[in-house]
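# Close look at the chain arrangement
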Amino acid sequence: QNDLIGIAQAERMYFTQNSSYTDLATLASSGTMNIARTGRDGYTYTAEASGNGFTVTARYTAPPVEMPKGVAPPHWPTYTIDQTMEIHQGD
């Protein structure tokens, strides 16, 4: 969740400088974002910009964990943050 907050803060800083939001690649190449990775612990980060808003998403994309027969694998929720700086957890 700290990575999402860091990316969202970079989006806000980029907006202050450029009057628009942008994607992760541009945040990194412009030096606005200090987070070099695009994911962590099986999660992959994406950022979508539209008009005067953005949504950063952390989605679990690692291969499924192999579980013993009859045991359900763990649930990996999706997390999002937008220009309100509130983190939301979805299924």
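Residues numbered from 1 in each chain as written. Predicted model: local features only at pLDDT ≥ 70, side-chain atom pairs only at ≥ 80, totals over all residues. Heavy atoms only, no water.

### What about the overall build of the chain?
Scanning the chain from N- to C-terminus turns up 2 helices and 5 strands. Of the regular secondary structure in the chain, the N- to C-terminal order runs α-α-β-β-β-β-β. Projected onto its principal axes, the C-alpha coordinates of the chain cover approximately 55 × 25 × 20 Å. Accessible area for the chain stands at about 5,900 Å²; split by element, carbon and sulfur atoms hold 48% of it. One way to put it: in the chain the 5 positive side-chain charges average out to a point 6 Å from where the 9 negative ones average out. (Helix = DSSP H or I, 4+ residues; strand = E, 2+ residues; numbered from the N terminus. Areas by Shrake-Rupley, 256 points an atom, 1.4 Å probe, with all protein chains shown as cover. Lys, Arg positive; Asp, Glu negative; His and termini not counted. Charge placed at Lys NZ, Arg CZ, Asp CG, Glu CD.)

### Some words on the packing of aromatic side chains
For any pair of aromatic rings, geometry is given as the distance between the ring centres together with the angle between the planes. Scanning all chains against the criterion turns up 5 aromatic pairs. When the centroid spacing of 4.5 Å and the interplanar angle of 25 degrees are considered together, the rings of F15 and Y21 count as stacked. With relative accessibility at 26%, the residue F15 sits in the partly exposed group. Between Y43 and Y60 the ring centres are 5.5 Å apart and the planes differ by 75 degrees, which places this aromatic pair in the edge-to-face class. (Phe/Tyr/Trp six-rings, centres within 6.5 Å; stacked < 30°, edge-to-face > 60°. Buried < 20%, exposed > 50% of the residue type's maximum accessible area, 1.4 Å probe, protein only.)

### With respect to the side chain of D3
Tracing the chain through its elements places D3 in helix 1 (residues 2–18). When its relative accessible area of 8% is taken as the criterion, D3 is described as buried. A distance of 2.5 Å separates a polar atom in the side chain of D3 from a polar atom in the side chain of Y45. Sequence-distant contacts of D3, that is, excluding residues within four places in its chain, are made with I35, R37, R40 and Y45. (Polar contact = N/O pair within 3.5 Å; in protein donor to acceptor, adjacent residues only side chain to side chain. Contact = heavy atoms within 4.5 Å.)

### Things to note about the confidence of the model for the chain
The pLDDT averaged across the chain works out to 90; a share of 99% of its residues lies at or above 70. Averaged over each element, pLDDT in the chain is lowest for strand 1 (residues 39–40) (86) and highest for strand 4 (residues 78–82) (97). (pLDDT = per-residue confidence, 0-100.)

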